[in-house]
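Observations on the model geometry
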Amino acid sequence: MADPTRQGPGEGAGAALSPGEGPTAALGPGEGLTAALSPGEGPTAALGPAERARAWADDDPDPETAAELRALVARGDEAELRERMAGPLAFGTAGLRGLLGAGESRMNRAVVARAAAGLAAHLGASGASGPVVVGYDARRMSREFAEETAAVLAGAGLAAHVFTEPRPTPLLAFAVTELGASAGVMVTASHNPPAYNGYKIYAQNGAQIVPPDDASIAAAMARLPSARAVARKDAAEARRAGLRRDVGPDLFERYVDRVSALSRDARGRDRVRIAYTPLHGVGYASAAAVLARFGFDDLHAVDEQREPDPAFPTTPFPNPEEPGALDLALALARKVGATLVLANDPDADRLAVAVPAGAGAFRQLSGNEVGALLGEYVLRHERRGGPPPLAVTTVVSSPLLGRIAEALGARYAEVFTGFKWIANVGMRREASGGEHFVFGYEEALGYAIGGAVRDKDGLSAAALFAELTAVAAAEGRTVLDELDRLARTYGAYESAQVSLVKTGLAGAEAIRAHLRTLRSARPARLGGLRVEGVRDFLAGAGEASGLPPADVLAFDLEGGARFVARPSGTEPKLKLYFDAQAPAAEGEDLAATRARASALVAAMRADVLALLGEAKP
């Protein structure tokens, strides 16, 4: 595949939203998502939603979803038909993603067949000769979509190496490079609600695809005359032709071997008791095995959430960042006297952490706090003598990691939202600058340690966080003590995020107007802090770092504070991020230091909202 670091970033998975609310509604040049066909294009563009739905149903290889769409037409449900036929799903930060159901704007076999055929055409045009690894989680239709993908790949003459059971996303990313594949496909909707599924595509380098590869695949999808006519070979036929192989448990053992090499300090294992939840996903068996290899055997899993369940009965929104998502894990932690709470999202590529806070209470750490702790631990224990270590995060994550990297003699880079950028920029800098990528994170609970998995990996992150907890315990400290140590060393960093929801066409224009206001006003101060510089990535502010233009605006303020604005790629929102730092004064209680940083964040937030004419959300 082409060099993945040369084109602009998309942000967010394509979703089936109402007209004017889709993933490109509020994006500026360089940040749009690449769709197979935009609404209003293609041979059925002149038809109404009912006529287009009939044509889609006639071409649907799945009789169930074809019947579902025909029933909507028979009922005359114009509103629902407009939703189902609002335009194809688009490639975003994490591939295709949408509600399960019939129609071009939903996840179904017809959409998957077109995506697999587009991938096959792209690989053929690029001269790729290796197999494609296909994995899937335990969501509704995941196995069926994986089988459809393998059948279409075999129909195109490409070998598919298919996982024999549902597995975490990090294992698929690992398999791409470990098996010398040309690409990978993972069927998952990660932490989305039960009604969703998705389709992630990985490049030969083991990272998720970025432009221009997504554009090439989408263009190939758009050229397909028919989903029903796509050539397929069933599993038996593909095996006879040598185009189908199983990916069994041995690959996981190789993954565990690679990940276990990340361990740096074996002390304190007996001081850590872990309460764990996979949130009804596929993480439990894998997490337990990785933690056991690291020496953590005192593991207690939430019984109600241990086994995969696509209905997610106890967590209708299985995102560990959501309020209440960890309630059962915290209750278990109190019951068993756990010293650490770990949670993976349903495909185990994210990690949430909670720690004891006294009197039976637990505090869930933010993604920035976990990222700072893990990053500092990895960099502090990095073996010296080779190329300088490199840490990478996003422009909307806390600047604290940059301070840590500087103090520990490491290199540092910031990229756009989306782990595909962290992985690809890390690899590019390794190849061109003689650096060694050792750590990356984004504030939305994604972490990568080392180069075994070129994507976020909630399994290895869980093991390394357990290790840093154990090492601290062996030295008589807690995780909260470690956070205090970072605050005393680098200052207290506080962060906040605001999402301004703006729906419809008028909302899209309001988001653009807000960005124009920020670009033209160029306030001299925010929250009482002097604005020392403005980086407009749409105007090429990131070119020196190898970043392409994108509709992202960053204000750098005195004292290490920062304000960043960007439109969401998945929802009709303008997202605002605030970070501030207060140095720890000698003898000052850290609570007071953190309060000063929080006050700066609140003041910055108030000034920005006033500048935009927005009421406090």
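A quick note: this is a predicted structure, and the numbers were derived from the prediction, not measured.

Details of the overall build of the chain
For the chain, the count of helices and strands is 18 helices and 23 strands. For a compact globule of 617 residues, the expected C-alpha radius of gyration is about 25 Å, and the chain comes in at 24 Å, within 12% of that figure. Burial analysis of the chain (617 residues in total) assigns 58% to the buried set. Considering only intrachain contacts with a sequence separation of at least 6, the fraction spanning at least 24 residues in the chain is 72%.

Quick word on the nonpolar core
If you look at the biggest cluster of nonpolar residues, it comprises 133 residues, and the most contacted ones within it are Tyr199, Tyr255, Leu374 and Phe465. Of all hydrophobic cores here, the second largest spans 23 residues; its members include Leu515, Leu518, Phe563 and Ala565.

Structural notes on the sheet that holds strand β13 (residues 361-364)
Across the sheet, 5 strands lie side by side as β10-β9-β11-β12-β13; this open sheet has mixed pairing. Pairing within the sheet leaves two strands with one partner each, and these edge strands are β10 (299-301) and β13. Adjacent strand axes in the sheet meet at a mean angle of 25 degrees when their direction is disregarded. Sitting on the sheet, helix α10 (residues 284-293) touches β9 (274-277), β10 and β11 (340-344), and the angle it makes with β10 is about 170 degrees. Across the face of the sheet, helix α11 (residues 327-336) comes into contact with β9, β10, β11, β12 (351-358) and β13 while running at roughly 155 degrees to β9.

Remarks on helix α2 (residues 63-75)
Under the 1.5 Å per step criterion, the end-to-end length of α2 is 18 Å for 13 residues, consistent within 8% with the ideal 18 Å. All of the buried residues in α2 are Thr65, Ala66, Leu69, Leu72 and Val73. End-on view of α2: buried residues confined to an arc of 120 degrees, all on one side of the axis. Exposed side chains of α2 directed beyond 90 degrees from the buried face belong to Pro63, Glu64, Ala74 and Arg75. Against the buried residues of α2 lie α1 (49-59) and α3 (78-84). Gly76 lies just past α2 and shows a positive phi near 70 degrees.

Structural notes on the packing of helix α12 (residues 367-380) against helix α16 (residues 479-490)
It is the contact of α12 with α16, at a shortest axis distance of 11 Å, that shows an interaxial angle of 80 degrees. Here α12 lies roughly perpendicular to α16, going by the angle between them. Of α16, the residues touching α12 (which contributes Glu369, Ala372, Leu373, Glu376 and Arg380) are Val479, Glu482, Leu483, Arg485 and Leu486. Here the contact of α12 with α16 is composed, by residue class, of 5 nonpolar, no polar and 5 charged.

Quick word on the pattern of salt bridges
A complete count under the given rule lists 47 salt bridges for this structure. Among the ionic pairs, Glu376 bridges to Arg485, the shortest N-O distance being 3.0 Å. On the criterion of sequence distance, the pair formed by Glu376 in helix α12 and Arg485 in helix α16 is long-range, its members being 109 residues apart. Judged by relative accessible area, Glu376 falls into the buried class, the value being 4%. Classification of Arg485 as partly exposed rests on a relative accessible area of 24%. Residues participating in the shared-partner salt-bridge network are Asp265, Arg267, Glu376, Arg380, Glu475, Arg477, Glu482 and Arg485.

Comments concerning the packing of helix α6 (residues 169-178) against helix α9 (residues 249-260)
Between α6 and α9, the least distance of the axes is 10 Å, while the angle of their chain directions is 95 degrees. One element, α6, and the other, α9, form an angle in the roughly perpendicular class. Seen from α6, the contacting residues are Leu171, Phe174, Ala175 and Glu178; seen from α9, they are Leu251, Phe252, Arg254, Tyr255 and Arg258.

What to know about the environment of Ala329
Tracing the sequence through the fold places Ala329 in helix α11. Taking the relative accessible area as the measure of exposure, Ala329 reaches 0% and is therefore buried. Between the C-alpha atom of Ala329 and that of Glu304, which follows or precedes it by 25 residues, the distance is 9.8 Å. With residues near it in sequence (within four places) discarded, Ala329 still touches Ala275, Thr277, Val302 and Val341.

What counts and how
Residues numbered from 1 in each chain as written. Predicted model: local features only at pLDDT ≥ 70, side-chain atom pairs only at ≥ 80, totals over all residues. Heavy atoms only, no water. Helix = DSSP H or I, 4+ residues; strand = E, 2+ residues; numbered from the N terminus. Rg over C-alpha atoms; globule rule 2.2 N^0.38 Å. Buried < 20%, exposed > 50% of the residue type's maximum accessible area, 1.4 Å probe, protein only. Contact = heavy atoms within 4.5 Å. Core = buried A, V, L, I, M, F, W, Y, C linked by side-chain atoms within 4.5 Å. Pairing = 2+ DSSP bridges. Axes fitted to C-alpha atoms, helices over the stretch in contact; angles between N-to-C directions. Expected span 1.5 Å × (residues − 1). Arc of directions from axis to C-beta. Parallel < 35°, antiparallel > 145°, perpendicular 65-115°, else oblique. Nonpolar A, V, L, I, M, F, W, Y, C, P; charged D, E, K, R; others polar. Salt bridge = Lys/Arg side-chain N within 4 Å of Asp/Glu carboxyl O.

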